[in-house]
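Observations on the three-dimensional arrangement
What follows is the residue order along each chain.
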Amino acid sequence: MQRLTEEKGDSEAPEAATAPLPPPNEDHVSLLNRVVFGWANPLITLALSRPLSQADLCSLPRCDRVAPLHESLTKGWSPPASSAWLVLALARSLCGPLLASGACRLTGDMLALVFPLLLRRIITYLEDPSASALHGVAYSAALACTAVASAFVQQWYMFIAFRMGARVRCLVDESVYRKALRLSNTVRVRAPAGEIVNIQAIDAEKIAQFFVFSNHLWSTPLLTLLAVLLIVRLAGPFALFGCCAMVALIPLQVGMSRLQSRIQKRLMSLKDERAKRLAEIFHSIRALKMFCWTQHYFDQVNQIRASELTALRSSLIFQATTAFLWGGAPVVVSVVTFLCYTASGGTLTPAVAFPTLCLINTLRVPLNIMPMVVSTMVDARVSLRRWHRFLLAEEIAAPPQERDSELAATAPQVPAVCRDDGDAAVEFDDASCTWEPAADGDATLRHLNLRIPAGALVAVVGPVGSGKSTLLAAILGEVPCVGGRVRVRGRTAYVAQQAWIQNETLKENIVFGAASASGEDDAAVDEAKYCAVVEACDLGRDLELLPQGEQTEIGEKGVNLSGGQKQRVALARAAYQDCDIYLLDDPLSAVDPHVGTLLFDRCIAGVLAGRTRIVVTHQLQYLPRFDFVIVLANGAVSEAGPYAQLMAAGLDFAALVSAHDAQAAGVSAGEPQQRGDVVVAVSSVSSPAFISPSSSPPGGQKGIIAPETKSIGSVGWAVYREYVAACGGIPVFVLLVVLFASDSGSRLFSDFWLAMWSSYRFPNRASLFYLGIYMAACTCCLLFKYGHDVIAGLMGLSTARAMHRRMLESVLRSPLGFFDATPVGRLLNRFTKDVNSVDVQLPQSIAHLLSMSFALASILVAISLATPFFLVVFLPFAAVYLYVRRLFIGASRDLNRLDSMNKSPIFTSLEDTFEGMSTIRAFGPTCVASFLRKNTAKIEESLRSSQMQNAATRWLGLRLDLMSAFVMTVATALAIMQSGVNTGLAALSITYSANTAGIFNWFVRTSSDVETQFVSAERVVEYMRLAPAPGEDPAQPLPEPREDWPPVGGIDVKQLTVCYREGLDPVLHDVSFSVHPGEKFGVCGRTGAGKSTLALVLLRLVEPSSESSVEIDGIDIRSVPATMLRSRLSIIPQDPVLFAGSLRSNLDPWGTHADSELEGALKSCGLTDHLPPCTPEQGGLLSLAVQERGGNLSMGQRQLICLARAVLCRAKILIMDEATAAVDYALDAAIQETIRREFSGVTVVTIAHRLSTLLDYDRVAVLERGRLAELDAPAVLLRRPDSLFAALASVSRVQEDR
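Residues numbered from 1 in each chain as written. Predicted model: local features only at pLDDT ≥ 70, side-chain atom pairs only at ≥ 80, totals over all residues. Heavy atoms only, no water.

This part takes up the overall build of the protein. Regarding its fold elements, the protein presents 40 helices and 24 strands. Split into buried and exposed, the 1298 residues of the protein put 61% on the buried side. Taking the intrachain contacts of the protein between residues at least 6 apart in sequence as the baseline, contacts between residues at least 24 apart amount to 83%. In the form shown here, the protein has an accessible surface area of approximately 46900 Å², with 59% of it arising from carbon and sulfur atoms. (Helix = DSSP H or I, 4+ residues; strand = E, 2+ residues; numbered from the N terminus. Buried < 20%, exposed > 50% of the residue type's maximum accessible area, 1.4 Å probe, protein only. Contact = heavy atoms within 4.5 Å. Areas by Shrake-Rupley, 256 points an atom, 1.4 Å probe, with all protein chains shown as cover.)

With respect to the helices and strands, the residue Asp834 is situated in helix H27 (residues 824-866). Excluding residues within four positions of it along the chain, Asp834 makes contact with Asn829, Ser900, Ser1016, Arg1019 and Val1020.

Following both chains from N to C, one finds helix H3 (residues 66-76) and helix H6 (residues 133-180) inclined at 75 degrees, their axes separated by 10 Å at the closest point. Considering their axes alone, H3 and H6 lie roughly perpendicular with respect to each other. Contacts from Val66, Leu69, His70 and Leu73 of H3 reach H6 at Arg167, Cys170, Leu171, Glu174, Ser175 and Arg178. Taken together, the residues of the contact of H3 with H6 break down into five nonpolar, two polar and three charged. (Axes fitted to C-alpha atoms, helices over the stretch in contact; angles between N-to-C directions. Parallel < 35°, antiparallel > 145°, perpendicular 65-115°, else oblique. Nonpolar A, V, L, I, M, F, W, Y, C, P; charged D, E, K, R; others polar.)

All right, on to the sheet that holds strand S14 (residues 1068-1075) then. A sheet is described by the order of its strands in space; here four strands give the open sequence S14-S13-S16-S17, paired in antiparallel fashion. Every other strand in the sheet has two partners, leaving S14 and strand S17 (1115-1116) as the edge strands with one partner each. Of the pairings in the sheet, the one linking strand S13 (residues 1051-1058) to strand S16 (residues 1109-1112) comprises four bridges and is antiparallel in character. Of the residues in S16, the one forming a bridge with Lys1054 is Ser1109. Helix H33 (residues 1091-1098) rests against S13, S14 and S16 of the sheet, and its axis sits at about 120 degrees to S13. (Pairing = 2+ DSSP bridges.)

Within H3 the residues assigned to the buried category are Val66, Leu69, His70 and Leu73. End-on, the buried residues of H3 take up no more than an arc of 95 degrees, which puts them together on one face. (Arc of directions from axis to C-beta.)

What follows concerns the environment of Tyr720. Within the secondary structure layout, Tyr720 lies in helix H23 (residues 717-726). Spatially, the C-alpha atoms of Tyr720 and Glu1018 are 8.6 Å apart, while their sequence positions differ by 298 residues. With residues up to four places along the chain from it excluded, the contact list for Tyr720 reads Val715, Glu1011 and Phe1014.

Another point: the side chain of Asn896. Relative to the helices and strands, Asn896 resides in helix H28 (residues 870-915). Classification of Asn896 by relative accessible area gives buried; the value is 12%. Dropping the residues within four chain positions of it, Asn896 is found in contact with Gln949, Thr1012 and Val1015.

Quick look at the pairing of strand S15 (residues 1080-1085) now. Among the six residues that make up S15, six are buried, leaving the element largely enclosed by the rest of the structure. Burial of the side chains of S15 extends over both faces: Lys1080, Gly1082 and Cys1084 are buried on one face and Phe1081, Val1083 and Gly1085 on the other. Examined bridge by bridge, S15 and strand S22 (residues 1243-1247) share four bridges and lie parallel to one another. Bridge pairing in S22 links Val1083 to Ile1247. With five bridges connecting them, S15 and strand S23 (residues 1259-1264) associate as parallel partners. Following the sheet pairing, Phe1081 is matched in S23 by Arg1259.

Attention shifts here to the confidence of the model for the protein. Here the protein shows a mean pLDDT of 80. Residues at 70 or above account for 87%. Looking over the protein, one finds the lowest element-wise mean pLDDT in strand S1 (residues 3-6), namely 38, and the highest in strand S9 (residues 612-616), namely 94. Confidence drops under pLDDT 50 across residues 1-20; counting only partners more than four residues distant or on other chains, this segment forms 43 contacts. For residues 665-702, every residue scores under 50 in pLDDT, and the model assigns this stretch 124 contacts once sequence neighbours within four places are set aside. (pLDDT = per-residue confidence, 0-100.)

A few words now on the sheet that holds strand S11 (residues 636-641). Strand order in the open sheet formed by six strands is S7-S8-S9-S5-S10-S11, with mixed pairing between adjacent strands. Only two strands of the sheet have a single neighbouring strand rather than two, namely strand S7 (492-495) and S11. On average, each strand axis in the sheet is inclined to that of its neighbour by 15 degrees, with strand direction left out of account. In the sheet, S7 pairs with strand S8 (residues 581-585) via four bridges, with the strands oriented parallel. From the neighbouring strand, Val495 faces S8, where its bridge partner is Leu584. Lying on the sheet, helix H19 (residues 563-576) is in contact with S7 and S8; it crosses S7 at an angle near 175 degrees.

Now for unusual backbone geometry. In this chain, Trp1045 is followed by Pro1046 through a cis amide linkage whose omega measures -5 degrees. Note that Pro1046 resides in the loop between helix H32 (996-1024) and S13. You will see that Phe37, though not glycine, has its phi angle at about 60 degrees, which is positive. Topologically, Phe37 is positioned in the loop between helix H1 (31-35) and helix H2 (41-49). A residue is classified by how much of its surface remains accessible, and Phe37, at 0% relative accessible area, is buried. Within the chain, Arg1100 stands out as a residue other than glycine whose phi angle is a positive 55 degrees. Take Arg1100: it is sitting in the loop between H33 and S16. Residue classification places Arg1100 among the buried residues on the basis of a relative accessible area of 7%.

It is worth spelling out the pairing of strand S6 (residues 481-488) at this point. In terms of residue burial, S6 counts as a mostly covered element, since seven of its eight residues are buried. Sheet topology places strand S3 (residues 424-433) next to S6; six bridges connect them, and they run antiparallel. In the strand pairing of S6, Val426 is matched with Val488.

Right, let's talk about the packing of helix H24 (residues 730-759) against helix H31 (residues 983-994) for a bit. Where H24 meets H31, the axes come as close as 8 Å, and the angle between the chain directions of the two elements is 145 degrees. For the crossing formed where H24 meets H31, the hand is right-handed. Taking contact as the criterion, the partners of Arg747, Leu748, Asp751, Phe752, Ala755, Met756, Ser758 and Ser759 in H24 are, on H31, Gly984, Leu985, Leu988 and Tyr992. Looking at the contact of H24 with H31 residue by residue, the class counts come to seven nonpolar, three polar and two charged. (Left-handed = near helix turned anticlockwise from the far one by under 90°.)

Taken as a whole, this structure holds 49 salt bridges when the rule is applied. Note that Arg611 and Asp578 form a salt bridge whose closest N and O atoms lie 3.2 Å from each other. Here Arg611, found in the loop between helix H20 (593-607) and S9, pairs with Asp578, found in the loop between H19 and S8; they are 33 residues apart in sequence, far enough to count as distant. Residue class for Asp578 comes out partly exposed when judged on its relative accessible area of 49%. Among the ionic pairs, Asp834 bridges to Arg1019, the shortest N-O distance being 2.7 Å. Of this pair, Asp834 sits in helix H27 while Arg1019 sits in helix H32, and the two are 185 residues apart along the sequence. One exposure class covers both Asp834 and Arg1019, and it is buried. (Salt bridge = Lys/Arg side-chain N within 4 Å of Asp/Glu carboxyl O.)

This paragraph deals with the packing of aromatic side chains. Counting across every chain of the model gives 30 aromatic pairs. On the numbers, 5.2 Å between centres and 45 degrees between planes, the contact of Phe291 with Trp293 is tilted. Of the two residues, Phe291 and Trp293, both sit in the buried class. On the numbers, 6.1 Å between centres and 20 degrees between planes, the contact of Phe749 with Trp753 is stacked. With Phe749 and Trp753 both in helix H24 and four residues apart, the pair spans about one turn of that helix. Classification of Phe749 by relative accessible area gives partly exposed; the value is 38%. Put simply, the rings of Phe338, Phe749, Trp753, Trp757, Phe769, Tyr770 and Tyr774 touch in pairs and so form one group of aromatic residues. The cationic tip of Arg105 hangs over the ring face of Tyr157; the distance from NZ or CZ to the ring centre is 4.9 Å. Sitting above the plane of the Tyr1023 ring, Arg830 keeps its charged end 4.1 Å from the centroid. (Phe/Tyr/Trp six-rings, centres within 6.5 Å; stacked < 30°, edge-to-face > 60°. Lys NZ or Arg CZ within 6 Å of the ring centre and 35° of its normal.)

Together, Arg258, Arg262, Lys265, Arg381, Arg385 and Arg389 make up a positively charged patch on the protein surface. Secondary-structure elements contributing two or more residues to the positive patch are helix H11 (249-283) and helix H14 (350-391). With respect to the helices and strands, the residue Arg258 is situated in helix H11. (Patch = residues over 30% accessible without salt bridge, like charges linked within 9 Å, V, L, I, M, F, W, Y side chains within 5 Å. Lys, Arg positive; Asp, Glu negative; His and termini not counted. Charge placed at Lys NZ, Arg CZ, Asp CG, Glu CD.)

Let us now look at H19. Structural remark: α-helix, 3.6 residues per turn; residues separated by three or four positions point the same way. Under the 1.5 Å per step criterion, the end-to-end length of H19 is 20 Å for 14 residues, consistent within 8% with the ideal 20 Å. Here H19 lies mainly inside the structure; 14 of its 14 residues are buried. (Expected span 1.5 Å × (residues − 1).)

Now the structure itself:
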C-alpha cells in the first residue's frame, strides 16, 4: 500500500530522532569496505526499516565539493574561449576520474577478450575424451577468476564514470547560477528564467551523460579491432569480409548523426519555449484566472508541446534506425564470416563457431551501446553549445563605481543639480542610458547632467514613462551607458517599485544578505539595529499579528503579505543595510497616507538621515521636505533644484504640483491627525493578507510553502494503470511484449541452430541449408528489434502527450492556494525534469527491462538444454537474487525520490534570484556571495543523494556480478562433468552462462530503474489528480447563465463569512450589503480588514461559507462556472501583469476585437501619449513588443494597459484594486475621468487608499476587522464626527468641499 509523507529540504523524518547515525562517507572507511562498497551497507539496511530522508545520507567526500571543482573549471576556461576549450577545461578538472575510469575500461575490455580464448580451450577439452580432468578444473578456475576480476573492474568503472557525470552536472548548475547573477538586462529579457532552468534541468544532464560514456568513444574501436583480429585468427582471413560490412556502416552513421543533431537543436529550442511559457503562466496565474485567459495559454503550451513531440518522434525513429544498423552489424559479421569460412572449405566445429560467436557477442554489447553513445554525444554537443553560448552572454557592467563611454559629450548643457564643493555621491556627466542597444538620440535617458552630493535627500518626479525608474537603474549599472559618464561613490541599497520578497522568514527578508564571511547569518545580525528598523518601518503591529512573528515564513513573492506590508519589508531590508546611497523607487505608493507619513518621518528622514537618498515618488505632498527635486520628461531633465526655486520658476514642475493639489486638495507631509489606531492599508487582489494570528497553516506546518510530498513504499498500481492507459491500453503493451519475446526467441534459435550446424546434426544437409536458416533467424531478430524499438518510442510519445496535457490542465484548474503554497521552481521541476523522464527515460527503461527479462529466460533455456540439472542449482540462487533485489529496491526508490526533490530547490533558487536580480546586485558583493553560498549548498544536497544512489547501484552490481560468476562456474563445471553431453550444446550453455553476470545485473538494475523512473510518472500523476478549484471541476459541470448575464450589474451580499482554511477564524464575518446597478461603490479599511477578500469572493477565487450568499443580478455566483463568472466581470488589479508578446496579444489574446477597437481603447486611456512610438513599417502601436511581465514598460504604462483591457471587455461590473497607486495625480485624475466616461452605467467596485478617489462615489463601505463598520455616501460619512471614514479622511486632509 502506498502512503504519503511530506518532506522539505533536508528536514528529518519523524523517525530520524531514533535512527542510527548516517553512514560515514568513503573518506573514513577501510580500504576493503571502500573496494566492496561496504560503506553503503548501513543505508541500504536502514531503507528496509523505514523510508530514507536527506539526514540519513552521508556527507560529501572532499573530492565532491562544488567550490573547488568550479574553481578548477574557471582556471581552465574563461570567456571568450570556444566550446572546445570548455570541454578541455572540464576534462582537466576531472583529470583523475577520467584516467581512472579509462584504466578500468581498458582492463575490463581485455578481460572480456580472455573469455573466448578460455571457451575454446574448454570446448577442445570436451572434444578430447583423453584429456586430463585437471585441465577442466583449471579452465573452470581460470574462467571464475576472470569473471570475479571483471566484476570488480566493471563496477568500479561505472562508479567512477557516474560520479564524474554527477560532478559535471553540478558544475553546470553552479556555473549557470553564477553567470545568471552577472547577466545584463538585455540578455535577461532574451533568456528568461524558464529557458535557463532548462539548461540546469536538461542540458546539464546531457553533458553529464556524455562524460559518463566518453570512454566508449575510444574503447569500442579498440575492442572491435582486437576482436576482429581474434576472429581472423579463429575463422581465417575471410572473416575480414564480414568486418568490412561493419566498417561500411560508419559513413551512414555519420550522416545520420548530423541529421539527429539538427533535430536535437530543434527539440531543445522547443523545450526552452515551453519552459519559458510555463514559467510565465505560473508567475502570472492569478492574473490569468482573473482575466479568464487560462484556456488560451493552455492551448499555446499544447501547440508548443505538439511541435516538441513531433521533433521527439523524429529523434526516436532516428535512434531506432541507428540501433538497427549498429545492432545488425554483429549479425552481418557472423553470417558473412561463417559463409566465407565454409565456402573456403573450412569445417565449422564448436571450437571454431562458439569462440567466434562469443567474440561477435563481445562486439554486440559495445556496438549496441554505440548508438546511445553517439546519440548522447550529439545531444551533449547541442547542450554544450547552449551552455557555452549562455556563459558567453553579455554581462552587466562592472559594479557602479564609475562607468565611462567613449562617445564625446556634444549635447547642450542643462542645469546641473546640487553642485557643491565636495565629492558627489552620484554624478551624471552628459550621460545617455538605454535598456536596448540604440543610437544616442533614441536612448531612454538622454544627456543627463546631474551632481548629487553625499547626504542629500533628492526626489525624482515626472509623468508616467518619463524614465524615473530607469534613472535609478542607471545608477545601479543595470542600464548600459551609451554616452557620457555615470559615477557612483559608495555602497548602494535599493527598494524596487514592485517589492521583491523571498521565501524566507520575515526576519531573514529584512537582514537579507547580512552574512559574515563565514556564512553564519545569525551571528551577523545587529539586533538593536534590526529592532530600530522594524519600528521605523511600522512593522511592530504586523509582527504581533503574524503567526510566528518575525519567524513567520513568507511565501513566494510575499504571497501572505499585503502590498503595503511587502513594501515596508522591502524598505526595512534597505534600511537595515549599512549603505551610503539609498535608491527608493516609489516606496510610498502602496501604503496609506498615515503609514506613508510614518515611513517618511521615521525611516527616510529618520533612520536614513545623513545618507544619500534618491526617491522616485508620485506623493508630491512630501516634496517641500526634500533638499532637491529632479523633474524628468521624455527621458531628459526638464528642471532640477530646490522645491521653492522650482515653484517660483512656474514651469512644468509647478504645473505638476498644481495638478496634484487639485486632485489631493492639500495633502500634507506633516504629522497627520488620527483617530486611535485607525490605519488604511491596501491589500492587493493578487496578494491577500493572511496576517491574523489564526492564519497559521494547518497540521502544524511551519510556513506558507507546503513541503513537497514524497511517496513512501512501492509506486502504487494506480500509477502503472494510468501509464498503460495513456500509452494506448493493454493491446499496445501486449504487442510490445510479443515483439520483445520474438526478438529474444529468434536470437536464441539462431544460436541453437549454430550449435546444430557446428555439430552437423543433419549430416545429409549442405552448409547452405544451415546457413539459410541461420540467416533467416538473424534477419527476423533484426526486424523484431527494430519493431519493438519503434513501438516503444511511439508508445512513450502517446503517454507523454496525454500525461503532460492532463497534468497542465489539472494544475491550471487548481485553486490559488495551491500556487501560493507551491514554488514556481517546484512546478517547473515537474514540467521539465519529470516530464523529460516520462518522455524519454521511462520508455527506454521499460524497453530495457523487457529485453533483459527475455534475455534472462533465453539464458535459462540455453543452459538447461545442455545441463538440465542446472535448474535445480539455480533455484536457491534465484532466491538470493530476489533477496538482494529487495534490499536494493527500497533504498534505490527512496534515493531517487530524494534526488528528484533535491532538484526543485535548485530551480526555485534560480527562479527566485532571477526575479530579484536587480535588488540582489544593488546590495553589493556581500549579498551576492551570500546567495552563491546558499545555492552551492542546495547543489551539494542534490549531489549527496545522486552520489549515494550511484554507490547503492554499484553495491548491487558488484554482488550480482560475483553471484553471476559463481553461476557461470557451476554451469561450466556441470558441462565438463556431465558425460555424453553434445559438444555444441555444451558450448552454447557455457557461452550463454558467460552472459549471466551482465544479464542478471541489468535485469535487477532495469527492474529497479523502471520503478525509480516511475517515480517521475508518479509525480506527474500526483499533479494530474490535484483537486480543482470550486466551479472549475469538469466532473461537476454547472449550468451556464444566459448570454446577456449580468444585464444590469447589481450585487447582493448576504451574511458573507469567509475562511481561508477550514478551522480558521473568519476573515470576513457576517457582511451584508447591496451594490445597486450602475453604482460607484468604494471599499476602504485597515490592513487585514478583508477588502481584498471581498474582491476575491466576487471573482470566486475564494469560496465563502455555505450560509453565505453572493448574487449578481439575482443569480448566486456559486451556481455559475467560475470561468464564466470571471469572463463577465472586469478587473484592474494593483499588480498589472503583462505577458511576452505584442501589445495586441496583451489586450486581446483571443483575437476577437478589430484593430480599430483596440486603438480606440488605447486612445481612450491616453496610452498613445505614454507608449514608445511605432512606425507603420514596424506594425504600428499594436505591434509594440512587450517583454515578459512587461519588463520594458513602466508600472504606470502597464496599469494603463490593464485599464484598456477593461474598456474592451465592456462588462457590467468593474472591480478596481488600487489601480492608480503607481501613477501620478494628474494621470490618476485622467484615469478617473476615463472611468466616468467609458464606464457610465457600469457598476464600479473600487478598493482604494487614495481617499480622494472615493469622494465622488455614490457610497463607501468601511471594513473593520472583517466586519462592515460603515456604509453610506462619502459626504454623509465625512459629516459624522465618530466616523471611521472621516478619521481616515482627516489623516489625508481630504476636504469635504472637493
